[in-house]
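Here is what each chain is made of, one letter per residue.
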Amino acid sequence: MIRKSCYLARKLMSVQRVISKDAIGVVGASICVLMLGIALLAPHIAPYNPLAADMKIRLVAPCAAHVMGTDELGRDVLSRVIYGSRISLLVSISVVSIAFLAGVLLGAVSGFFGGWVDNLIMRVTDVFLAFPALMLAMVVAFAFGPGIRSTVLAMSVVWWPWYARLVRASALSIREHTFVEAARATGVSRGGILFRHILPNCLASSLVQATLDMGYAILTTATLSFLGLGAQPPTPEWGSMINQSRSYLLVAWWTITFPGIGIFITVLGINLLGDAVRDFMDPKLRHVRN
């Protein structure tokens with residue numbers, strides 16, 4: 001136990017050293033931590049109830065009482081933006097987690113076992129990849145009805161094939177390595193080889209992809225909500241807020257601008273962090289940066 005703790009501590013320290021040398025990574029990590037903190041503390045830092053409407057103060061411009069103004073129903077935009085971060089981050093984490101787990105497992109099984117198993121999994125993957133990702137997500141979301149659960153399901157169905165393809169390519173190469181042959185020779189079962197040797201060595205590239213996909217998940221979530229297939233009013237979700245306020249763009253610019261800024265800052269932070277993770281995972285890029 002002590003040895004494992006020391007190993008984890010050394011790995012964390014090495015990650016910290018790499019990130020500390022990368023200003024972009026520091027900025028990205030800081031933005032991600034800030035947005036995550038806002039999402040977790042939303043009930044405590046939001047100045048108003050995000051669902052409370054007051055027609056007496058509808059479309060009030062940003063002021064001391066309402067820093068980001070109010071929307072067409074008199075709801076505080078700042079409070080709704082703060083609560084919107086919870087939905088966007090929750091959906092993105094859920095989607096990437098489901099797609100990652102399903103895709104990594106299926107890709108590793110496909111690449112390791114080969115034969116008819118590989119052909120079956122890859123042909124199913126080809127079917128999903130034959131459709132534009134956003135269009136397929138819209139179809140799935142429409143079939144299951146609008147809502148957050150439909151959004152998570154639709155995006156998970158669309159994204160798992162990419163992880164499967166990525167991990168399969170790594171598994172095909174790793175299964176031919178000497179340490180895998182040695183494991184076979186010592187009598188390790190195929191399942192043991194898969195989970196002890198194949199999967200751990202396939203995770204690096206897929207983890208980088210998962211980090212970058214968090215930003216795409218937030219954008220896709222906002223897109224589906226904007227089209228009416230995601231979060232439904234009065235739920236405070238960034239894409240839904242922009243859709244509801246687009247008719248007031250010329251008279252109340254703040255109702256659209258601030259949810260858009262929330263999307264922009266969050267996706268930017270995730271992409272910057274993803275670049276830093278990619279540099280850490282790739283020794284060649286790490287050497288160039290250093």
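Whatever comes next refers back to the structure up there.
Reference entry: report on the structure contained in this document. (Residues numbered from 1 in each chain as written. Predicted model: local features only at pLDDT ≥ 70, side-chain atom pairs only at ≥ 80, totals over all residues. Heavy atoms only, no water.)

Details of the overall build of the protein
Per the secondary structure count, the protein includes twelve helices and zero strands. Along the chain direction, N to C, the helices and strands of the protein fall in the order α-α-α-α-α-α-α-α-α-α-α-α. Relative to its 290 residues, the protein shows a buried fraction of 44%. For the protein, long-range pairs separated by at least 24 residues make up 71% of all intrachain contacts whose partners lie at least 6 apart in sequence. Counting every atom, the protein has about 15400 Å² of accessible surface; 69% of that belongs to carbon and sulfur. (Helix = DSSP H or I, 4+ residues; strand = E, 2+ residues; numbered from the N terminus. Buried < 20%, exposed > 50% of the residue type's maximum accessible area, 1.4 Å probe, protein only. Contact = heavy atoms within 4.5 Å. Areas by Shrake-Rupley, 256 points an atom, 1.4 Å probe, with all protein chains shown as cover.)

Re the pattern of salt bridges
If charged atoms from side chains of opposite charge come close, those side chains can pair. For the structure shown, the criterion picks out six salt bridges. Among the ionic pairs, Arg75 bridges to Glu72, the shortest N-O distance being 3.8 Å. Since its relative accessible area comes to 8%, Glu72 is described here as buried. A salt bridge links Arg123 to Asp126; its shortest N-O distance comes to 3.0 Å. One end of the pair, Arg123, and the other, Asp126, are both in helix 5 (residues 115-129), three residues apart, so they sit about a helical turn from each other. The network of salt bridges with common partners includes Asp71, Glu72, Arg75 and Arg80. (Salt bridge = Lys/Arg side-chain N within 4 Å of Asp/Glu carboxyl O.)

Concerning the packing of aromatic side chains
Enumeration according to the criterion identifies five aromatic pairs in this entry. Each ring, one from Phe112 and one from Phe113, has its centre 5.0 Å from the other, and the planes form 75°; the classification is edge-to-face. What makes Phe113 partly exposed here is its relative accessible area of 31%. Here Trp253 and Trp254 contribute two aromatic rings whose centre-to-centre distance is 5.7 Å and whose plane-to-plane angle is 80°, an arrangement assigned as edge-to-face. Members of the aromatic cluster, each reached through a chain of ring pairs, are Trp253, Trp254 and Phe258. (Phe/Tyr/Trp six-rings, centres within 6.5 Å; stacked < 30°, edge-to-face > 60°.)

Some details on the nonpolar core
Core analysis: the biggest nonpolar cluster contains 66 residues, and Val77, Val81, Val96, Met155, Trp159, Ile198 and Trp238 have the highest contact counts within it. At 16 residues, helix 4 (residues 77-113) tops the list of elements feeding residues into this core. (Core = buried A, V, L, I, M, F, W, Y, C linked by side-chain atoms within 4.5 Å.)

Some details on helix 6 (residues 133-144)
Taking 1.5 Å per residue as the helical rise, helix 6 with its twelve residues ought to reach 16 Å, and the 17 Å between its terminal C-alpha atoms agrees with that figure. Listing the buried residues of helix 6 in full gives Leu136, Ala137, Val140 and Ala141. Considered in projection along helix 6, the buried side chains sweep an arc of 130° and stay on one side of the axis. Away from its buried face, by an angle of more than 90 degrees, helix 6 presents the exposed residues Met135, Val139, Phe142 and Ala143. (Expected span 1.5 Å × (residues − 1). Arc of directions from axis to C-beta.)

Remarks on the side chain of Thr125
Looking at the element boundaries, Thr125 is found in helix 5. In contact with Thr125, other than residues within four places in its own chain, are Trp160, Pro161, Ala164 and Arg165.

Some thoughts on unusual backbone geometry
Residue Pro234 is bonded to the preceding Pro233 through a cis peptide linkage, with omega at 5°. With respect to the helices and strands, Pro234 occurs in the loop between helix 9 (190-226) and helix 10 (238-245). At Leu59, a residue that is not glycine, the phi angle is positive and equals roughly 55°.

Structural notes on the packing of helix 6 against helix 7 (residues 148-174)
Look at helix 6 against helix 7: their axes get within 8 Å of each other, and the N-to-C directions meet at 140°. Taken together, the axis directions place helix 6 and helix 7 in an arrangement best described as oblique. The chirality of how helix 6 crosses helix 7 is right-handed. Where helix 6 abuts helix 7, its residues Ala133, Leu136, Ala137, Val140, Ala141 and Phe144 lie against Ser150, Leu153, Ala154, Val157 and Val158. Among the residues forming the contact of helix 6 with helix 7, the class breakdown is ten nonpolar, one polar and no charged. (Axes fitted to C-alpha atoms, helices over the stretch in contact; angles between N-to-C directions. Parallel < 35°, antiparallel > 145°, perpendicular 65-115°, else oblique. Left-handed = near helix turned anticlockwise from the far one by under 90°. Nonpolar A, V, L, I, M, F, W, Y, C, P; charged D, E, K, R; others polar.)

Quick look at the environment of Ile31
Within the secondary structure, Ile31 sits in helix 2 (residues 23-40). It is 9.2 Å that separates the C-alpha atoms of Ile31 and Leu272, two residues lying 241 residues apart in sequence. In this structure, Ile31 is in contact with Ile265 and Gly269, ignoring residues within four places of it in sequence.

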